[in-house]
Amino acid sequence: MNWHLPILLGKLDSSSTEEIIKRVEQTTLPGTKVPASSIEHVGADSWAQFYDSSYWFPEQASDFAAPVDNLFMYIFWVSLVFFVVIVVAMVYLCFRYRRKGQEINPEPSSSHNNLIEIIWSVGPSVFLVYMFWQGATTYFETKTPPPEPEEIVVTASRWNWVFTYPNGDSSSELHLVNNQPTRLKMQSTDVLHSLYVPAFRQKMDIVPGRYSYAYFRPTKEGQYRLSCTEYCGREHSKMRTVAEVHPDEEHRRENTQWIKEEYYPWKNGERIYKINCSGCHKINGEAATGPALNLLYSMKKRPLMGGGKVTVDADYVRKSIEYPAADVVEGFGPVSKMNSFLNKLSQDDINNVNAYLQKLNDPSSVAGGTIETGLRADGE
Ligand code: HEC
Ligand SMILES: [Cu+2]
C-alpha cells in the first residue's frame, strides 16, 4: 500500500521526472544529486502525474524509516477518522436536538447506557495502546546498538562537521556503506548541536562534555541532507552537509580521499598514553600510583570511594581524564592523586587513548594491527 497521500497532497504536475529533479536540485545543497526514485511515479494516467516526495516524507533510506513513517501515518489516519466521526456526529446532534418552538422544560436526557459507555471507552483505547506499543518498540529499536557496527566518530563544532572513520581518515561529509550497521559516536567541542538526517529518520543531540550515540543501517544508495538541528549560533544555518551512502567499501574508498589507511586511532592513543599516563598506570595488572588500566574495560563496574559504583564506558574514561576528582576509585583516595588533563589533551587525544584502552582489553574490538598486552615489568 502506498502510504503517501498523492490525492490530498500531490500536486497537479505534468513535468517530466528530469524537470522535477532539476527543480529540486536547484533548491538544495550544491552538488546534491536527487535520485529519480525519490520522485515517485503515481501512475502515468493519473491526474497527479508525478508526486515529488519533498512535499511529504523524504526518502526512506534507513531501516528505521519505514516503521517511523508507518507509525506517523497510522496516527494520522486514526486522528482523521475520529475527527470526521466526532465532528459529523456533533453537527448532526446539534441540529437534531436544537431548541424548537417555545418549550421551557426540555426532555430529561437519558442517564446511562453501559453498552455505549464500554464501546466508546474500550474501542479508542485499543487504538491508543497500539500507538504506544508501536511508538515504544520503534523507539527502543532506534536506541539499541546494532551488532558489529562500524563506528564513526562525529565531531561537531561551530559551524562544521568532522567525521572520523575507523581507519583514522576523516571527512566533512558522512560517507557510509549500504547495509552496513553504523554507530555514530558524537561529541561537541563547544556548544549543543544536533545531528539530523531526515532520510534516515535519525536525530540526536550532541552535548559538550559527553558522548552521545546514534544507530542506524542505511538501506538505499544516494546522497542525503545532513544538518545541525539545534540552534548553535550565527552560522547555524550553514552547518549542513551530505550523508552519502555508497554501494560498497570499494566505491567509498574510490570516491573519498581515503588516505590514512595505515593510521589507527589506538596507535596514536598508545603514544599519548606512554607520554602522559604510564608514569602512574601500569598495563600488567599491577596497581601503581593509579590502578592498572589493562583490564579496565572488562570490569563492567568500578567501586568508588565512599560507596557506590560506576559503569566503565567511554564517558567514564573521559571523565576520569578530565575530572579525576569526580569519581575516585576505591582504595586510591581519599583525594585523587591524578592531575586533570582538561584542556591539555584534545578531544582527539582522548578518543585515541580511549581506543587504546579498549584495544588493550579486547584486541579484536578495534580495527587494525596487533597489540602487545604482555606483562611488561616497567608497565609501559
Ligand atoms: C599522577 C598520577 C596519574 C597520572 C599521570 C594519570 N593518572 Fe589516572 N589515576 C591516578 C589515580 C591515583 C587514580 C585513582 C583515583 C581516581 O580515580 O581518581 C586514577 C584513575 C584513573 C582512571 C579510573 C581507573 C579505574 O580503575 O576506574 C582512569 C580511566 C585513568 N586514571 C586514566 C588515566 C589516563 C588516560 C591518564 C593519562 C592521560 C592518566 N590516568 C594519568 C593517577 C594518575
Ligand atoms: Cu550546530
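Just so it is clear, the structure is predicted and the values come from calculations on it, not from any experiment. All residue numbers here refer to positions counted from 1 along the written sequence of the relevant chain. Starting at A for chains and at 1 for ligands, labels are handed out in the order in which the entities are written. Restriction of local features to residues with pLDDT of at least 70 applies here, the model being predicted, together with a cutoff of 80 or more for giving and counting side-chain atom pairs; totals for whole chains, interfaces and linings are based on all residues.

J.: Sorry if this is basic, but what is going on with the sheet that holds strand 7 (residues 182–188) here?
T.: The strands making up a sheet are joined through hydrogen bonds of the backbone, oriented either antiparallel or parallel. A pair of strands is labelled paired if DSSP reports no fewer than 2 bridges between them. Going along the chain from the N terminus, every DSSP run of H or I of four or more residues is numbered as a helix, and every run of E of two or more is numbered as a strand. Taken in spatial order, the five strands line up as 5-4-3-7-10 in an open sheet, and their pairing is mixed. Each having just a single partner strand, strand 5 (170–171) and strand 10 (212–216) make up the two edges of the open sheet. As defined by bridge partners, strand 4 (residues 160–164) adjoins strand 5 across two bridges and the pair is classed as antiparallel. Considered in strand 5, the bridge of Phe163 is made with Ser171.

J.: What am I meant to see in the environment of Ile75 here?
T.: Locating Ile75 in the fold gives a position in helix 3 (residues 65–96). Sequence spacing of Ile75 and Tyr130 is 55 residues, and the spatial spacing of their C-alpha atoms is 9.9 Å.

J.: Looking at this model, I keep getting lost on unusual backbone geometry. Mind explaining?
T.: Backbone phi values are negative for most residues with the exception of glycine, while trans is the configuration of most peptide bonds. That bond from Arg158 to Trp159 is cis: its omega, 0 degrees, falls within 30 degrees of zero. Note that Trp159 resides in the loop between strand 3 (150–157) and strand 4. In the Ramachandran plot, Glu148 falls in the positive-phi region, its phi being about 40 degrees despite a non-glycine side chain. Within the element layout of this structure, Glu148 appears in the loop between helix 4 (114–143) and strand 3. Around each residue's C-beta, the other C-beta atoms within 10 Å are counted; 20 or more make the residue buried, 12 or fewer make it exposed, and counts in between make it partly exposed. All C-beta atoms are placed from the backbone. Residue classification places Glu148 among the exposed residues on the basis of 8 C-beta atoms within 10 Å.

J.: What's the story with the nonpolar core in this structure? I'm lost.
T.: Within soluble globular proteins, side chains that are nonpolar generally end up buried alongside one another. In terms of nonpolar packing, the biggest core is built from 32 residues, with Val154, Met186 and Leu195 touching the most fellow members. Per-element tally for this core: the top contributor is strand 3, with four residues. In contact with Met186, not counting residues within four places along its chain, are Val154, Ala156, Leu195, Met204, Ile206, Tyr211, Ser212, Tyr213 and Ala214. Listed in part, the 15 residues of the second largest apolar core include Tyr273, Ile321, Ile350 and Val353. One nonpolar core equals one set of buried Ala, Val, Leu, Ile, Met, Phe, Trp, Tyr and Cys residues connected by C-beta atoms within 7 Å. Here contacts are defined at the residue level, using C-beta atoms placed from the backbone and a cut-off of 7 Å between them.

J.: I keep staring at the packing of helix 3 against helix 4 and nothing clicks. Help me out?
T.: Describing two packed helices takes the angle between their axes plus the distance from one axis to the other. Following both chains from N to C, one finds helix 3 and helix 4 inclined at 160 degrees, their axes separated by 10 Å at the closest point. Classified by the interaxial angle, the pair formed by helix 3 and helix 4 is roughly antiparallel. The two elements helix 3 and helix 4 meet at a crossing, and its hand is left-handed. Where helix 3 approaches helix 4, its residues Pro67, Val68, Leu71, Tyr74, Ile75 and Val78 are matched on the opposing element by Phe127, Met131, Gln134, Gly135 and Thr138. Under this grouping Gly is polar, as are all residues other than the nonpolar Ala, Val, Leu, Ile, Met, Phe, Trp, Tyr, Cys and Pro and the charged Asp, Glu, Lys and Arg. Taken together, the residues of the contact of helix 3 with helix 4 break down into eight nonpolar, three polar and no charged. For every element, the axis is a line fit to its C-alpha atoms; helices are fit only across the contacting stretch, and the angle between N-to-C directions ranges from 0 to 180 degrees. Roughly parallel refers to an angle under 35 degrees, roughly antiparallel to one over 145, roughly perpendicular to one between 65 and 115, and oblique to any angle outside these ranges. Here is the rule for handedness: rotate from the far helix to the near one, and if that takes an anticlockwise turn smaller than a right angle the crossing is left-handed, while a clockwise turn gives right-handed.

J.: Looking at this model, I keep getting lost on the site of ligand 1. Mind explaining?
T.: As used in this record, a residue near a molecule or strand is one whose C-beta atom, placed from the backbone, is within 6 Å of it. Near ligand 1 you find 23 residues, and of these Cys277, Cys280, Gly290, Ser336 and Met338 are the closest. Counting residues per element, the shell around ligand 1 draws most heavily on helix 7 (residues 314–322), which supplies three residues. Counted by class, the shell around ligand 1 contains 13 nonpolar, eight polar and two charged residues.

J.: Explain the confidence of the model for the protein chain here, please?
T.: Detail in the predicted coordinates should be disregarded across regions flagged by low pLDDT. The predictor attaches a confidence to each residue, called pLDDT, with possible values from 0 through 100. The predicted model of the protein chain has a mean per-residue pLDDT of 80, with 79% of residues at 70 or higher. Model confidence for the protein chain, summarised as mean pLDDT per element, is weakest for helix 1 (residues 6–9) at 40 and strongest for strand 8 (residues 193–197) at 95. Taken as a whole, residues 1–12 scores under 50 in pLDDT and shows 19 contacts with residues more than four places along the chain or in a different chain. Note that pLDDT drops below 50 for residues 40–53; the model gives that stretch 31 contacts with residues more than four away or on any other chain.

J.: Whenever I open this one, the sheet that holds strand 6 (residues 174–177) confuses me. Can you help?
T.: Spatially, the five strands line up as an open sheet ordered 6-12-11-8-9, and their pairing is mixed. Pairing within the sheet leaves two strands with one partner each, and these edge strands are strand 6 and strand 9 (202–206). Taking the axes of each pair of neighbouring strands and ignoring which way they run, one obtains an average angle of 20 degrees across the sheet. Pairing between strand 11 (residues 222–228) and strand 12 (residues 240–246): six bridges, direction antiparallel. Bridging across to strand 12, Leu226 finds its partner in Thr241.

J.: So what exactly am I meant to see when it comes to helix 3 here?
T.: Since the α-helix packs 3.6 residues into each turn, any two residues three or four apart lie on the same face. Spanning 32 residues, helix 3 covers 46 Å between terminal C-alpha atoms, matching the ideal 46 Å at 1.5 Å per step. Buried residues are scarce in helix 3, accounting for two of its 32 residues. Take the number of residues in a helix, subtract one, and multiply by 1.5 Å to get its expected span.

J.: Just to check I follow, could you spell out the pairing of strand 9 for this structure?
T.: Regular strands place their side chains on alternate faces of the sheet. Burial along strand 9 is one-sided: the face carrying Gln202, Met204 and Ile206 is buried and the face carrying Lys203 and Asp205 is not. What sits between the antiparallel neighbours strand 8 and strand 9 is a turn of four residues, in which Arg201 has the positive phi angle 55 degrees.

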